[in-house]
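Analysis of the macromolecular model
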Amino acid sequence: MRHLRRANDVDVGAMADGAIIARSVQEPEIFSVIFDRHAPHIHRYLARRLGVPVADDLVAETFLAGFRRRDRFDVTHSNARPWLYGIATNIVSQHWRNEEREYRLRQAYVPPTSETEHADRVASVVTAQSLRRLLLDALAVLSDGDRDVLLLVAWEDLTYDEVAAALTIPVGTVRSRLNRARRLLRERLGGEPAGTIKEALSNG
């Protein structure tokens, strides 16, 4: 998107996100500055949740959605990243819904494997990715809302106010969801959820 910038991009580069987005309503090409500033962070978040190949596609979808909604952005906010995290989180949820539908369709047509083959495959996966599987199983017990709050705090280091802005929920709801998620994950993992999540990520 860099090639879309105008010649006066030095001035644009010094502007806050809100001012750039407000200006982009009349000058769409300068929205590329928002992409340049925040795409690496949004890509990292999507890659952690869905894997790098999927993230490569969905990061573009996130910014396209943001571009289309830019006239609804609260331009008094100087940082657009929480808003973009909110869009990305919604796209993650839609992706999982699509994947679930596709899986159910495949199950209707693909014959089940033998019990022995299934057991061998499960044993292989558990051996190779035990820590990651433990984490994913623990995250699976959370509601979608609790999981979104936990991951935005643990992975992206967002403040409570930023998570509230990203998910358009009150700060009090962020606190209650985070406390509930941490309590449930402690019971499953026997440790601090944020630390366990980051450790699992660092180990691939």
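Residues numbered from 1 in each chain as written. Predicted model: local features only at pLDDT ≥ 70, side-chain atom pairs only at ≥ 80, totals over all residues. Heavy atoms only, no water.

Quick look at unusual backbone geometry now. The backbone phi angle of Asp157 is positive, close to 55°, even though this residue is not glycine. With relative accessibility at 54%, the residue Asp157 sits in the exposed group. (Buried < 20%, exposed > 50% of the residue type's maximum accessible area, 1.4 Å probe, protein only.)

What follows covers the environment of Arg70. Residue position: Arg70 is located in the loop between α4 (52-68) and α5 (81-109). The buried category is assigned to Arg70, whose relative accessible area is 13%. In this structure the C-alpha to C-alpha distance between Arg70 and Gly18, which are 52 residues apart in sequence, comes to 9.8 Å. Among residues more than four places away in sequence, those in contact with Arg70 are Ile21, Ser24, Val25, Pro28, Phe31 and Trp83. A distance of 3.0 Å separates a polar atom in the side chain of Arg70 from the backbone oxygen of Ser24. (Helix = DSSP H or I, 4+ residues; strand = E, 2+ residues; numbered from the N terminus. Contact = heavy atoms within 4.5 Å. Polar contact = N/O pair within 3.5 Å; in protein donor to acceptor, adjacent residues only side chain to side chain.)

To continue, consider the packing of helix α9 (residues 160-167) against helix α10 (residues 171-189). Interaxial distance between α9 and α10 falls to 9 Å at its minimum, and their mutual angle equals 105°. Considering their axes alone, α9 and α10 lie roughly perpendicular with respect to each other. Two secondary-structure elements touch here, α9 through Tyr160, Asp161, Val163 and Ala164 and α10 through Val171, Val174, Arg175, Leu178 and Arg182. By residue class, the composition of the contact of α9 with α10 is 6 nonpolar, no polar and 3 charged. (Axes fitted to C-alpha atoms, helices over the stretch in contact; angles between N-to-C directions. Parallel < 35°, antiparallel > 145°, perpendicular 65-115°, else oblique. Nonpolar A, V, L, I, M, F, W, Y, C, P; charged D, E, K, R; others polar.)

It is worth spelling out the environment of Thr173 at this point. As for its placement among the helices and strands, Thr173 is situated in helix α10. Distance in space between the C-alpha atoms of Thr173 and Asp146 is 9.6 Å, their sequence separation being 27 residues.

In this model α10 runs 26 Å from its N-terminal to its C-terminal C-alpha over 19 residues, within 8% of the 27 Å that 1.5 Å per residue would give. Every buried residue of α10 is accounted for by Val174, Leu178, Ala181, Leu185 and Leu189. Angularly, the buried residues of α10 cover 70° about the axis, an arc narrow enough to put them on a single face. (Expected span 1.5 Å × (residues − 1). Arc of directions from axis to C-beta.)

Tracing the chain through its elements places His95 in helix α5. We classify His95 as buried; its relative accessible area is 16%. Residue contacts for His95: discarding those within four places in its chain leaves Leu50, Val54 and Leu58.

Think of it this way: side chains of opposite charge can pair up when their charged atoms draw near. Inspection of every chain in the model, using the stated rule, returns 7 salt bridges. Among the salt bridges present, the one from Asp17 reaches Arg37, with a minimum N-O distance of 2.5 Å. Pair noted here: Asp17 is in helix α2 (residues 17-24) and Arg37 is in helix α3 (residues 32-50), with a separation of 20 residues, a long-range link. The shortest N-O distance in the salt bridge between Arg23 and Glu27 comes to 3.0 Å. (Salt bridge = Lys/Arg side-chain N within 4 Å of Asp/Glu carboxyl O.)

Buried and unpaired, Arg70 has Asp71 as its nearest opposite-charge partner, separated by 6.4 Å. Only 2.8 Å separates the side chain of Arg70 from the backbone oxygen of Phe67, close enough to count as a polar contact. (Lys, Arg positive; Asp, Glu negative; His and termini not counted.)

Counting all residues, the mean pLDDT for the chain is 80, and 70% of those residues have values of 70 or more. Confidence, expressed as mean pLDDT per element, reaches its minimum in the chain at helix α6 (residues 115-128) with 50 and its maximum at α2 with 96. Segment residues 1-7 is flagged for pLDDT under 50; beyond a separation of four residues in sequence, or across chains, it makes 11 contacts in the model. Contacts of residues 123-129 to residues separated by more than four positions or lying in other chains number 1 contact, the stretch itself having pLDDT below 50. (pLDDT = per-residue confidence, 0-100.)

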